[in-house]
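For reference, the chains in residue letters:
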Amino acid sequence: MNKDAKIFVAGHRGMVGSAIVRALISRGYENIITRSHLQLDLTRQSDVEDFFYAEKPEYVFLAAATVGGILANSTYPADFIYQNSQIQNNVIYSAHQFNVKKLLFLGSSCIYPRNCPQPMKEEYLLTGTLEKTNEAYAVSKISGIKMCQYFYFQYGDDFLSVMPTNLYGPNDNFDLETSHVMPALIRKFHEGRKQWEKKQKDITVTVWGTGTPLREFLHVNDMADACIFVMDKISSDYLYKNDVTHLNIGTGKDISIADLAEMIKNIVGFEGKICFDPGKPDGTPKKLLDVSRLTGLGWRCKIDLQEGIENTYRWFCKNIEPK
Ligand code: GFB
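Note that the structure is predicted; figures quoted are calculated from it, not measured.

Caption draft 1: Looking closely at the overall build of the chain. The helix and strand tally for the chain stands at 11 helices and 13 strands. Since a compact globule built from 323 residues should have a radius of gyration of about 20 Å, the 20 Å found for the chain is in line with a globular shape. Its C-alpha atoms give the chain principal-axis dimensions of about 65 × 40 × 40 Å. Taking the intrachain contacts of the chain between residues at least 6 apart in sequence as the baseline, contacts between residues at least 24 apart amount to 82%. Within the structure as shown, the chain displays about 14200 Å² of accessible surface, and the carbon and sulfur contribution to it stands at 49%. Within the chain, the 38 negative side-chain charges are centred at a point lying 3 Å from the centre of the 37 positive side-chain charges.

This is the structure:
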């Protein structure tokens, strides 16, 4: 991408989209186009077409999506499948109609089967049954991957997909009902610490599920860095001709939810107890990506988990819950 290339970041107010915009600006890209949800509803096909007709972006990062943690995914499956399918169908099809040079579609590691061999390689897509708690979201994301692939096959469009592992960082959703585990635990331990400081004794933080599931966590700044790397250096030709439908993005390391809780507890400085609520779903038992394809192409994550959580907690204290 030239520094003056016209780049549309769809979903620029979200955690990933905002990180991509920051990363583009810091690298000197000057012509970034964004639209808030109020300015452009990406689920409306004709509005999206009008936007692409008027703006004619050259590159598209498709980071707009309806996302949420395990409870939001299992409670609102209709919203997850409808909104995500609409957004990606409209943006990918308009990118095709208005000759976008390259489009990067962002998915999620939940596209892989629930009992997938670990670590999960790109070629394990569509080899088994999906995890029920996020099936609706996963089905829409798989459809997006396939849409990019088929537009390449039929029309030669340079559209490709990346699948990040569980992401966290600034601008995450810290709502306790709808968020992912990382922001939820940061908030819970922070609130627990405040109660502890007010000398309320016997404070306990509740962690959902059994604590045994294993997850891999990538800081969103690393994700943004990887997206720009792929946009700049990897072509659809390379990917699809090697029979690969998408690229995994992750750290290659996982941690149990119980150990993650301990880590966040120490970073936040909470001195009370942790208990587990097995009444809440565990979700898939283990989710670790095989990232060897992307590392083989020259990309590596830079932010380790300790540093990433410290950075996110500082952001939370400054922007969401000043002490
Ligand atoms: O991050 P999370 O909601 O999503 O939950 P998934 C990960 C694990 O953390 C589960 C546990 O085993 C949860 O039970 N957990 C413990 C908690 N305490 C909490 C808490 O307070 N809040 C939350 N949210 N979890 C999502 C998918 O799956 O991952 C999405 O539903 C997407 O589709 C996303 O793919 C990346 O990792 O289970």
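Caption draft 2: The packing of helix H4 (residues 77-97) against helix H5 (residues 135-155), seen in detail. In the contact formed by H4 and H5, the axes pass within 8 Å of each other and the chain directions differ by 15°. For the element pair H4 / H5, the angle class is roughly parallel. In the packing of H4 onto H5, the handedness of the crossing is right-handed. Here H4 contributes Pro 77, Phe 80, Ile 81, Asn 84, Ser 85, Gln 88, Asn 89, Ile 92, Tyr 93 and His 96 to the contact with H5, which in turn contributes Ala 136, Tyr 137, Val 139, Ser 140, Lys 141, Ser 143, Gly 144, Met 147, Cys 148, Phe 151 and Tyr 155. In terms of residue class, the contact of H4 with H5 is made up of 12 nonpolar, eight polar and one charged.

Caption draft 3: Region of interest: the sheet that holds strand S11 (residues 255-256). The strand order across the open sheet built from three strands is S11-S8-S13, with neighbouring strands paired in mixed fashion. Among the strands making up the open sheet, the edge pair consists of S11 and strand S13 (286-287). Here two bridges tie strand S8 (residues 214-215) to S13, and the two strands are oriented parallel to one another. Its bridge partner being in S13, Leu 214 is matched across the sheet by Lys 286.

Caption draft 4: Fine view of the pairing of strand S3 (residues 59-62). Side-chain alternation along S3 places Tyr 59 and Phe 61 on one buried face and Val 60 and Leu 62 on a second face that is also buried. As defined by bridge partners, S3 adjoins strand S4 (residues 102-106) across four bridges and the pair is classed as parallel. Bridging from a neighbouring strand, Val 60 pairs with Leu 103 of S4.

Caption draft 5: Spotlight on the site of the ligand. The environment of the ligand is made up of 22 residues, and the closest members are Ile 70, Lys 188, Arg 215, Pro 281 and Asp 282. Asn 73 has a polar side-chain atom sitting 3.1 Å from an oxygen atom of the ligand. Within the backbone of Ser 179, a nitrogen or oxygen atom sits 2.9 Å from a nitrogen atom of the ligand. In the complex, 97% of the free accessible area of the ligand, which totals 700 Å², lies under the protein chains.

Caption draft 6: Highlighting a nonpolar patch on the surface. On the surface, Ile 81, Tyr 82 and Val 139 cluster together to form a nonpolar patch covering roughly 250 Å² of accessible area. Position of Val 139 relative to the elements: it lies in helix H5.

Parameters at a glance
- Here the residue numbers are simple positions, counted from 1 along each chain's written sequence.
- In view of the model being predicted, local features appear only for residues whose pLDDT reaches at least 70, and side-chain atom pairs are presented and counted only at 80 or more, with totals across whole chains, interfaces and linings using the full set of residues.
- With hydrogens and water stripped out, all remaining heavy atoms of the structure feed into the side-chain values.
- Helix and strand assignments come from DSSP, with helices taken as H or I runs of at least 4 residues and strands as E runs of at least 2, each series counted from the N terminus.
- As a reference, a globule follows 2.2 Å times the number of residues to the power 0.38, and the radius of gyration itself is taken over C-alpha atoms.
- A contact between two residues is defined here by any heavy atoms of the two lying within 4.5 Å.
- Here the Shrake-Rupley method, with its probe set to 1.4 Å, supplies the accessible areas, and only the displayed protein chains count as covering residues.
- Under the convention used here, Asp and Glu are negative, Lys and Arg are positive, and both His and the chain ends fall outside the count.
- A charge is said to be at NZ when it belongs to Lys, at CZ for Arg, at CG for Asp and at CD for Glu.
- Axis definition: a line fit to C-alpha positions, over the contact stretch in the case of helices; interaxial angles, taken between N-to-C directions, run 0 to 180 degrees.
- Any angle that falls under 35 degrees is termed roughly parallel, while one over 145 is termed roughly antiparallel, one within 65 to 115 roughly perpendicular, and all others oblique.
- Each crossing is labelled by how the near helix is turned from the far one, with a counterclockwise turn of less than a right angle marking it left-handed and a clockwise turn marking it right-handed.
- Classification convention: Asp, Glu, Lys, Arg as charged; Ala, Val, Leu, Ile, Met, Phe, Trp, Tyr, Cys, Pro as nonpolar; all other residues, Gly among them, as polar.
- When DSSP finds two or more bridges between a pair of strands, those strands are recorded as paired.
- A 1.4 Å probe rolled over the protein chains alone gives each residue an accessible area, and that area as a share of the maximum for its type sets the label: buried under 20%, exposed over 50%, partly exposed in between.
- Nearness is defined per residue: one heavy atom within 4 Å of the molecule or strand is enough.
- Polar contact is the term for a pair of N or O atoms within 3.5 Å; when the atoms are in protein, one must be able to donate a hydrogen and the other to accept it, and sequence-neighboring residues count only if both atoms are side-chain atoms.
- Only residues whose relative accessible area exceeds 30% and that form no salt bridge enter a patch; like-charged residues are grouped when within 9 Å of one another, and nonpolar side chains (Val, Leu, Ile, Met, Phe, Trp, Tyr) when within 5 Å.
- Here, a salt bridge means any Lys or Arg side-chain nitrogen found within 4 Å of an Asp or Glu carboxyl oxygen.

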